[in-house]
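One-letter residues, chain by chain:
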Amino acid sequence: MSEKTFIIAIDGPAASGKGTISRRLAKELKFHHLDTGLTYRGVAKMLLDQNLPLDDVTLAEQAARELDLGTMDGNILSAHDIGNAASKVAVIPSVRKILVDAQRAFSAKTPGSVLDGRDIGTVVCPNADVKIYVTAKAETRAERRFKEAQSKGGTQSYDEVLTDIKARDERDSGRKDSPMRQADDAHLLDTSKMDIETAFTAAKALINAALNTK
Ligand code: DC
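No experiment lies behind these values; they were computed from the predicted model shown.

About the criteria used
Each residue is numbered by its place in its chain's sequence as written, counting from 1. Per-residue local features of the predicted model are confined to residues with pLDDT of at least 70, and side-chain atom pairs are confined, for both listing and counting, to 80 or more; whole-chain, interface and lining totals are unaffected and use all residues. Side-chain metrics in this entry use all non-hydrogen atoms of the structure; hydrogen atoms and water are not considered. Between Lys or Arg on one side and Asp or Glu on the other, a salt bridge is scored when a side-chain nitrogen of the former is within 4 Å of a carboxyl oxygen of the latter. Secondary structure elements follow DSSP: runs of H or I of four or more residues count as helices, runs of E of two or more count as strands, with numbering from the N terminus. Partly exposed describes any residue whose relative accessible area lies between the buried limit of under 20% and the exposed limit of over 50%, with all areas from a 1.4 Å probe on protein chains only and scaled to the type maximum. By nonpolar core is meant a set of buried Ala, Val, Leu, Ile, Met, Phe, Trp, Tyr and Cys residues that side-chain atoms within 4.5 Å join together. Residue contacts are counted whenever heavy atoms from the two residues lie within 4.5 Å of one another. We place a 1 Å grid over just the protein atoms. Points where a 1.4 Å probe fits but has no way out form a cavity, open points with protein on both sides within 12 Å along at least 5 of 7 lines form a pocket, and any residue with an atom within 4 Å of a point lines it. Grid points are joined across faces, edges and corners, and a volume is the space filled by probe spheres set on the points. Residues were grouped as follows: Ala, Val, Leu, Ile, Met, Phe, Trp, Tyr, Cys and Pro as nonpolar; Asp, Glu, Lys and Arg as charged; and all remaining residues, including Gly, as polar.

Participant: Would you mind showing me how to read the pattern of salt bridges here?
Facilitator: Between side chains of opposite charge, a pair can form as their charged atoms come close. One pass over the full model with this rule turns up 15 salt bridges. Here aspartate 172 and arginine 118 are joined by a salt bridge, their closest N and O atoms 3.3 Å apart. Of the two residues, aspartate 172 is situated in helix α9 (residues 158-174) and arginine 118 in the loop between β3 (112-117) and α7 (120-124); the sequence distance between them amounts to 54 residues. In this structure, aspartate 172 and arginine 118 share a single accessibility class: buried. Glutamate 148 is the partner of arginine 145 in a salt bridge, and the nearest nitrogen-oxygen pair spans 3.8 Å. Within this pair, arginine 145 and its partner glutamate 148 are both found in helix α8 (residues 138-151), separated by three residues, close to a single helical turn.

Participant: Whenever I open this one, the nonpolar core confuses me. Can you help?
Facilitator: Looking at soluble globular proteins, one finds that nonpolar side chains tend to be buried together. If you look at the biggest cluster of nonpolar residues, it comprises 30 residues, and the most contacted ones within it are Val43, Leu47, Leu99, Leu115 and Cys125. Element by element, the count of residues in this core is highest for helix α2 (residues 37-49), at five residues. Not counting chain neighbours up to four residues away, the residues in contact with cysteine 125 comprise Ile7, Ser107, Leu115, Ile120 and Lys131. Counting residues in each nonpolar core, the second largest holds 17 residues, with Leu25, Phe31, Val114 and Ile207 among its members.

Participant: Teacher, can you tell me more about the layout of surface pockets here?
Facilitator: It is the rolling of a water-molecule-sized probe over the atoms that shows where space remains empty. Roughly 1,400 Å³ of volume is contained in the largest pocket. In terms of lining residues, the largest pocket is bounded by 50 residues, among which Ala15, Arg41, Ser78, Arg145 and Glu148 are the most central. Of all the elements in the fold, those that place two or more residues in the lining of the largest pocket are α1 (18-29), α2, α4 (74-77), α5 (80-89), β3, α8, α9 and α10 (196-213). Considered class by class, the residues forming the lining of the largest pocket number 14 nonpolar, 19 polar and 17 charged.

Below you can see the structure in the form of structure tokens.
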């Protein structure tokens, strides 16, 4: 008897709220959760740690093959510099292929999984049971990131955070391979005017509707 799986694909730009929503959904549903951004961050960190260039295809591929999804540490990998570096290694198609294969294998876990990233609904899991594209205005996202960084003693100004967010959006949505975009069949959740509680409730309603029709 083949076991059923239920795949939830959550995409969107940095600081849209997709990470918190995905974590909470997985916890409530007792599903597996993969923050696919961590896979690109993990590869970037391996290169940074060894002072290797981020655009060397062979070295980046090797790091991608060595990455162990089970040992990625979200706290360490959340560093700002690693995020920017991740966005750079993420433009290399052969690195994406290696990581996407690992992400797809993860998505097959039972009873279900939540994957969040930039290309889950479009490339990694095009047949996901439900897809949500979580977004918010760049200014709103920059404000969230700025406040979060300040509470941790960060020194970047709001303007610097905004410039960074816009540069990252452009790199992630402008790349040739698997650009960040809303899948045609994804629900759009704009959290610009929502707090995280409201955004989570809205996402949960979309998931419940999909679970009930499965
Ligand atoms: O979500 P994040 O900030 O942790 O992602 C870091 C970078 O990784 C992001 O700027 C682009 C890349 N990424 C990607 O290309 N595809 C994904 N599915 C997830 C992240």
